[in-house]
Amino acid sequence: MGKTYKNFLRNIKRKFFTKIDSYMQKEFYHGSCHSYSQCGEDMIIRFAFNAMGICEPSFLDIGAHHPFYLSNTAHFYMSGSRGVNIEANPQLLQDFRKYRPHDVNLNLGIMDEPSCSTFYIMDPPYMSTFSKEEAEDLINTHGYKIVETIDIQASTVTDIVDKYFSGGKPQFLSLDVEGYDEKIIRSIDFDRWSPIIICCETVSFAMKGKSEKNYSIMEFLKSSGYMVYGDTNINTIFVREDVWNSR
């Protein structure tokens, strides 16, 4: 076999496998397995939505913190989903307006009732909270510092859903608000709106020692028609049992 013919076959083989590799990346890998969440929660949620035939779920992200870093909704935004991000720290919200312009990005707090409340901006900023008790515990137990306190207008989940989802309802709720997760969960009128999937923090923060699991949130959501679909210890992922069983 001549050298020229061998080179010809080698080039054909290279082109063939390049096309196959390109096809594999496009069909199976492109944008499909990049997690932005703290412990891969978005990939678990993606799998659940896919199983229910929902490709681009709408979302409400409360305590959004950052458009990509430790975000439970960034993967869905990058995949075509749109929603509402709520962040009480005005400095953190600037990046949302820059990098996630197709979402609605609100500088608000979420509470169990409308109010103007004191917000404690902590160092690190992802531990910021409306809870004075939580802020004091972070200082006394973990050595964190309060950088600034500001007054922020707080709304309710119901008001946000009614105002920004135009009659539709967000299918995915991501919730991470230090010290207020359970109050917000219990304030939701599940007869009016039940997100298909809820991801919320269900463990107390602890740099050292053992964190405590908040089983109260878990039992409340189970009694409201949800099942535990996944748990990363830090966050628990709940799926509406009736929607899951009807797939």
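Residues numbered from 1 in each chain as written. Predicted model: local features only at pLDDT ≥ 70, side-chain atom pairs only at ≥ 80, totals over all residues. Heavy atoms only, no water.

K.L.:
Before we go on, may I ask you to explain the packing of aromatic side chains in this structure?
P.N.:
Any two aromatic rings considered together are summarised by their centre-to-centre distance and by the angle between their planes. In this structure the tally under the stated criterion is 9 aromatic pairs. Aromatic pair F49 and F172: ring centres 6.3 Å apart, planes at 75°, arrangement edge-to-face. Here the residue F49 occupies a position in helix α2 (residues 41-51), and F172 occupies one in strand β7 (residues 172-175), the gap between them amounting to 123 residues. You can call F49 buried: its relative accessible area is 0%. Here the aromatic cluster, defined as three or more aromatic residues joined through ring pairs, consists of Y36, F68 and Y99. Here the guanidinium or amino end of R82 rests over the ring plane of Y77, the centre of that ring lying 4.4 Å away. Just above the ring of W244 sits the side chain of R247; from NZ or CZ to the centre is 3.7 Å. (Phe/Tyr/Trp six-rings, centres within 6.5 Å; stacked < 30°, edge-to-face > 60°. Helix = DSSP H or I, 4+ residues; strand = E, 2+ residues; numbered from the N terminus. Buried < 20%, exposed > 50% of the residue type's maximum accessible area, 1.4 Å probe, protein only. Lys NZ or Arg CZ within 6 Å of the ring centre and 35° of its normal.)

K.L.:
What's the story with the sheet that holds strand β9 (residues 226-231) in this structure? I'm lost.
P.N.:
Sheets are built from strands that pair by backbone hydrogen bonding, the pairs being arranged parallel or antiparallel. Read across the sheet, 7 strands follow the order β3-β2-β1-β7-β8-β10-β9 without closing on themselves; strand pairing throughout is mixed. Only two strands of the sheet have a single partner each, and these edge strands are β3 (104-106) and β9. When the angles between neighbouring strand axes are averaged without regard to direction, this sheet yields 15°. Bridging between strand β2 (residues 83-86) and β3 involves 3 bridges; their strand directions are parallel. (Pairing = 2+ DSSP bridges. Axes fitted to C-alpha atoms, helices over the stretch in contact; angles between N-to-C directions.)

K.L.:
Please clarify how the sheet that holds strand β5 (residues 115-123) should be interpreted in this entry.
P.N.:
Taken together, 3 strands build an open sheet; the order of strands is β4-β6-β5 and the sheet is mixed. Either end of the sheet is taken by a strand with one partner, and the two such strands are β4 (109-110) and β5. Those strands touched by helix α5 (residues 132-142) are β5 and β6 (145-155), and its axis lies near 15° from that of β5. (Contact = heavy atoms within 4.5 Å.)

K.L.:
Before we go on, may I ask you to explain a nonpolar patch on the surface in this structure?
P.N.:
Taken together, the side chains of Y69, L70 and Y126 define a hydrophobic patch exposed on the protein surface, amounting to about 290 Å² of accessible area. Tracing the sequence through the fold places L70 in the loop between β1 (59-62) and α3 (74-78). Residue class for L70 comes out partly exposed when judged on its relative accessible area of 31%. (Patch = residues over 30% accessible without salt bridge, like charges linked within 9 Å, V, L, I, M, F, W, Y side chains within 5 Å. Areas by Shrake-Rupley, 256 points an atom, 1.4 Å probe, with all protein chains shown as cover. Salt bridge = Lys/Arg side-chain N within 4 Å of Asp/Glu carboxyl O.)

K.L.:
Looking at this structure, I do not really get unusual backbone geometry. What am I missing?
P.N.:
If a residue is not glycine, its phi is most likely negative; likewise, a peptide bond is most likely trans. For the bond from D123 to P124, the omega torsion is 10°, close enough to zero to count as cis. Relative to the assigned elements, P124 resides in the loop between β5 and α5. Notably, N233 is not glycine yet its phi reads approximately 75°, a positive angle. Tracing the sequence through the fold places N233 in the loop between β9 and β10 (235-240). Judged by relative accessible area, N233 falls into the partly exposed class, the value being 47%.

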